[in-house]
Amino acid sequence: MDKIVYVDNAATTPCDPRVLKVMTQALSGACGNPSSHYSVGYEAKAIVDKGREQVAAAIHAAPEEIFFTGCGSEADNWAVKGTALKFARSGKKHLITSQFEHHAILHSMKALERLGFEVTYLKPTSEGFIRPEDVEAAIRPDTALVTIMMANNEIGTIQPIREIAAICKKHGVWCHTDAVQATGAIPVDVQELGVDMLSMSGHKFNGPKGIGALYCRKGIWPQNLIDGGSQEARHRAGTENVAGIAGIGEALALATATLGEKMAHEQALRDYVIDRILKNIPQARLNGSHENRLPGNVNISFPGLEGETILLDLDMHGICASTGSACNSDSLDPSHVLLSIGVPEEIGHGSMRFTFGPQNTQEEAEYLCDTLEEIIPRRRAMSCMWLADQGEARVFSLKGEN
């Protein structure tokens, strides 16, 4: 295959040419500062206002409930740290999250723990779900915030956020959801969900990098993280990223306009790859629920191999994917997400994530499977972790054989 096959859309997505067009127009035309009181400033402000209206309409919010940020991680940090610092003044210093959140949430929680806050980390089920009853059991009189991601970024499981938000409302606790993976991929309606805050990021739905947003329900104001000017209704200082805002607005409008068709296309590719791998590659293991997951998400473990080896082989065949294990040079541990749902360490090391977008084709899905069916047996034949004569993995990890 001459072209690159890109199946890592959960990491980032290609920018839609129609999005690039509106961004180029914003960069070349509206040179003014949106806060300036003259014609070119008003022109820039009109672009910002349109982007805000597009984002709000896509999630059924009001424009004044949308606050632009530099990325999804900033939105997560603002929701968590801003809420924690706000309620600490009244003695509420307990927070609830899950063990398999994105590191933007988990590292924010660790930072708050160093400041004296207490955090409860809920364990997901073996299929990758947070149970609403576990959330309710963890709530205390001093709980300030519950934050559970809407869809997991690695295994794609979609969480019962509406039920969790209803429990939070009953107990008077703010509810935030990291919807970075969900927005633009599945229907996201803040009125139906009932959440107080929701994070999103433009580059996850064919928009630009470097722009995100935080939805805050009317009356919900986490403490500011960035102080300075009066931008974003005095809640997030800094001159607005006019082109980025134009891009995220257009991208989300485009994604939601054809969402049903997009979901059906990605789900067909997902199911084809899952079914074929599980049928043709011995001991391949699907991580997470088969049904209740993001339309384009496939997370598979291949016992007896290291994910990084598979990743490099795929790259040599022109396929861009991602590994489920940690790739940091200072860590030999597999993904915290897989460990949290009970995947054994030695199996977690051999995990791969394939995520499809609207640009992917059936031909690419078939090529991916063809390639895996060639490289997995070949690599297993060379692996000390695979018993070739028995067709199974040894119980072995980098810490030693058991």
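This one's a predicted model, so the numbers in the text were calculated from it and none came from an experiment.

Just to check I follow, could you spell out the packing of aromatic side chains for this structure?
The description of an aromatic ring pair uses the distance of the two centres, along with the angle that the planes make with each other. Within the structure shown, the criterion is met by three aromatic pairs. Ring geometry for Phe67 and Trp221: centres 5.7 Å apart, planes at 80 degrees, overall edge-to-face. Here Phe67 is found in strand S2 (residues 66-69), whereas its partner Trp221 is found in the loop between strand S8 (212-216) and helix H8 (231-234), with 154 residues between them in sequence. For Trp221, a relative accessible area of 33% gives the class partly exposed. These aromatic residues form a ring-pair network of at least three members: Phe67, Trp78 and Trp221. Positioned above the aromatic ring of Phe117, the side-chain terminus of Lys93 is 4.9 Å from the ring centre.

What exactly am I supposed to notice about unusual backbone geometry here?
The residue Ala233 is not glycine, and still its phi comes out positive at about 55 degrees. Structurally, Ala233 can be placed in helix H8. For Ala233, a relative accessible area of 54% gives the class exposed.

Would you explain the sheet that holds strand S10 (residues 297-301) in this entry?
Here we have four strands laid out as an open sheet, ordered S9-S10-S13-S12, and antiparallel in their pairing. What marks the edges here is a single partner per strand, and that holds for strand S9 (285-286) and strand S12 (322-323). The sheet contact formed by S10 and strand S13 (residues 351-355) spans five bridges and is antiparallel. Directly across from Asn299, in S13, lies its bridge partner Arg353. Contacts from helix H10 (residues 259-280) reach S9, S10 and S13 within the one sheet, and its direction differs from that of S10 by about 15 degrees. The sheet strands contacting helix H11 (residues 307-316) are S12 and S13, and the helix crosses S13 at an angle near 45 degrees.

What should I look at first to understand the pairing of strand S7 (residues 197-201) in this one?
Regular strands place side chains that alternate from one sheet face to the opposite one. Within S7, five of the five residues are buried, which leaves the element mostly enclosed by the surrounding structure. Residues Met197, Ser199 and Ser201 of S7 are buried on one face, and the alternating residues Leu198 and Met200, pointing to the opposite face, are buried as well. Judged from the three bridges that link them, strand S6 (residues 174-178) and S7 form a sheet pairing that is parallel. If you follow Asp178 over to S7, its bridge partner there is Ser199. As judged from the five bridges shared by S7 and S8, these two strands associate in the antiparallel manner. Bridging across to S8, Leu198 finds its partner in Tyr215.

Please clarify how the packing of helix H2 (residues 39-59) against helix H9 (residues 242-257) should be interpreted in this entry.
When two helices pack together, their arrangement is given by the angle between their axes and by how far apart the axes lie. It is at 8 Å that the axes of H2 and H9 come closest, and there the two elements cross at 30 degrees. Classified by the angle between their axes, H2 and H9 sit roughly parallel to one another. At the point where H2 passes H9, the crossing takes the left-handed sense. Here Ala44, Ile47, Val48, Gly51, Arg52, Gln54, Val55 and Ala58 of H2 lie close against H9, whose contacting residues are Val242, Ile245, Ala246, Ile248, Gly249, Glu250, Leu252, Ala253 and Thr256. Of the residues belonging to the contact of H2 with H9, the class tally is eleven nonpolar, four polar and two charged.

Help me understand helix H14 (residues 362-381) in this model?
End to end, H14 covers 29 Å across 20 residues, agreeing with the expected 28 Å (1.5 Å per residue, within 8%). Residues of H14 that are buried: Glu364, Ala365, Tyr367, Leu368, Cys369, Thr371, Leu372, Ile375, Ile376 and Arg380.

In this structure, what is going on with the nonpolar core? I would like to understand it.
Here is a general trend for soluble globular proteins: nonpolar side chains tend to be buried in one another's company. By size, the foremost hydrophobic cluster in this structure holds 62 residues, and its most contacted members are Ile66, Val146, Val195 and Leu198. Ranked by the residues each element gives to this core, the list is headed by H9, at eight residues. When residues no more than four places from it in sequence are discounted, the contact partners of Leu198 are His176, Thr177, Ala179, Thr183, Val188, Val190, Leu193, Ala213, Leu214 and Tyr215. Ranked by size, the runner-up nonpolar core spans 27 residues in total, among them Ile300, Phe302, Phe356 and Leu368.

How should the packing of H10 against H14 be read in this particular structure?
In contact at an axis separation of 10 Å, H10 and H14 are set at 20 degrees when each is read in the N-to-C sense. As far as their axial angle goes, H14 and H10 are roughly parallel. Where H10 crosses over H14, the two elements pack in a sense that is right-handed. Contact residues: H10 offers Leu269, Tyr272, Val273, Arg276, Ile277 and Asn280, while H14 offers Gln362, Ala365, Glu366, Leu368, Cys369, Asp370, Leu372 and Glu373.

Teacher, can you tell me more about the state of the cysteines here?
Two cysteines form a disulfide when their sulfur atoms are joined by a covalent bond. Following the criterion strictly, the structure yields zero disulfides and no others. Looking at the unpaired Cys15, the closest cysteine sulfur is the one in Cys71, lying at 17 Å. Free cysteine Cys168: the closest other cysteine sulfur is in Cys175, separated by 4.1 Å. Residue Cys168 is classed as buried on the basis of its relative accessible area, which comes to 0%.

Would you explain the sheet that holds S7 in this entry?
Strand pairing in a sheet relies on backbone hydrogen bonds, with the paired strands running either antiparallel or parallel. The strand order across the open sheet built from seven strands is S2-S8-S7-S6-S5-S3-S4, with neighbouring strands paired in mixed fashion. The open sheet has two edge strands, S2 and strand S4 (118-122), and neither has a second partner. The sheet shows a mean angle of 20 degrees between the axes of neighbouring strands, direction not considered.

How do you make sense of the pattern of salt bridges when you look at a structure like this?
The tally for this structure, following the rule as stated, stands at 19 salt bridges. The partner of Glu74 in a salt bridge is Arg236, with the nearest N and O atoms 2.7 Å apart. Taken together, the residues Glu74 in helix H3 (residues 72-88) and Arg236 in the loop between H8 and H9 connect sequence positions 162 residues apart. A residue is classified by how much of its surface remains accessible, and Arg236, at 16% relative accessible area, is buried. For Glu266, the salt bridge identified is with Lys262, shortest N-O distance 3.1 Å. Of this pair, Glu266 and Lys262 are both found in helix H10, four residues apart, which corresponds to roughly one turn of the helix. When its relative accessible area of 3% is taken as the criterion, Glu266 is described as buried. Residues joined in a network through salt bridges with shared partners are Glu118, Arg140 and Asp142.

Definitions and cut-offs
- Residues numbered from 1 in each chain as written.
- Predicted model: local features only at pLDDT ≥ 70, side-chain atom pairs only at ≥ 80, totals over all residues.
- Heavy atoms only, no water.
- Phe/Tyr/Trp six-rings, centres within 6.5 Å; stacked < 30°, edge-to-face > 60°.
- Helix = DSSP H or I, 4+ residues; strand = E, 2+ residues; numbered from the N terminus.
- Buried < 20%, exposed > 50% of the residue type's maximum accessible area, 1.4 Å probe, protein only.
- Lys NZ or Arg CZ within 6 Å of the ring centre and 35° of its normal.
- Pairing = 2+ DSSP bridges.
- Contact = heavy atoms within 4.5 Å.
- Axes fitted to C-alpha atoms, helices over the stretch in contact; angles between N-to-C directions.
- Parallel < 35°, antiparallel > 145°, perpendicular 65-115°, else oblique.
- Left-handed = near helix turned anticlockwise from the far one by under 90°.
- Nonpolar A, V, L, I, M, F, W, Y, C, P; charged D, E, K, R; others polar.
- Expected span 1.5 Å × (residues − 1).
- Core = buried A, V, L, I, M, F, W, Y, C linked by side-chain atoms within 4.5 Å.
- Disulfide = S-S within 2.5 Å.
- Salt bridge = Lys/Arg side-chain N within 4 Å of Asp/Glu carboxyl O.

What is shown is where atoms sit, not what they do.
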